[in-house]
Amino acid sequence: MTRKYSLLLILIIGLLQLGCTRNNGDIGDLFGTWRLDTLTEDGKELDLYGGMTKVYTWAFQSHIIRVQDIRNNMDHSNCYGTWIREEKFLILDFTHKNDSGTTGFQPPVPLHFDSSGITKLTVEHLSSREMQVSYKNAEDVEYVYHLRKVP
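Since the model is a prediction, treat every value here as computed from it, not as a measurement.

**Re the layout of surface pockets**
Reported here for the largest pocket is a volume of approximately 290 Å³. H112, F113, D114, S115 and Y135 are the residues nearest the centre of the largest pocket, which is lined by 17 residues in total. Per-class residue counts for the lining of the largest pocket are 9 nonpolar, 6 polar and 2 charged. Approximately 150 Å³ is the volume attributed to the second largest pocket. Around the second largest pocket sit F31, G32, T33, A59, F60, Q61, I64, I65, R66 and Y80, which together line it. Those elements that provide at least two residues to the lining of the second largest pocket are β1 (32-41), β3 (53-61) and β4 (64-71).

Next up, the structure:
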């Protein structure tokens, strides 16, 4: 009788392990939602949250990124793009269009992403809880994004 219960327990644990996955595989530490804590422009901190916006979040799953702008009145807007990670770079692509040809995939202007729609960020630091990425625009202005994982 003990042997039957042991085999049943092993089978259940095995099935549970098979069911615990993320869509399209494990993307590592990037998976999940990140809150933008600070953004600096050439070392000077920008006031991201002095206006109507309460919080900016970046959410990663598979190769999709969602940038969300949540406002003080709890209104929000979402913008979707794709991302890839190449060595020490995180490349965000917001050039996509829907079937009607309209964009609607443009990230919020205060984030200062590249106007071409493709921003190549350098990963300065990435752990399971914190991320720091940076990029220089065409005018040689450096933006540094400090993000923290939302539990």
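Next comes the rest of the description.
**What about the side chain of T119?**
Relative to the assigned elements, T119 resides in strand β7 (residues 118-126). Look at T119 and you get buried, because its relative accessible area is 1%. At a separation of 2.9 Å, a polar atom in the side chain of T119 contacts the main-chain amide nitrogen of D114. Not counting the four nearest positions on each side in its chain, T119 is found in contact with L90, I91, L92, F113, D114 and Y135.

Rules behind the numbers
Residues numbered from 1 in each chain as written. Predicted model: local features only at pLDDT ≥ 70, side-chain atom pairs only at ≥ 80, totals over all residues. Heavy atoms only, no water. 1 Å grid on protein atoms, 1.4 Å probe; cavity = no way out; pocket = protein on both sides within 12 Å on 5 of 7 lines; lining within 4 Å. Points joined across faces, edges and corners; volume = space filled by probe spheres on them. Nonpolar A, V, L, I, M, F, W, Y, C, P; charged D, E, K, R; others polar. Helix = DSSP H or I, 4+ residues; strand = E, 2+ residues; numbered from the N terminus. Buried < 20%, exposed > 50% of the residue type's maximum accessible area, 1.4 Å probe, protein only. Polar contact = N/O pair within 3.5 Å; in protein donor to acceptor, adjacent residues only side chain to side chain. Contact = heavy atoms within 4.5 Å.

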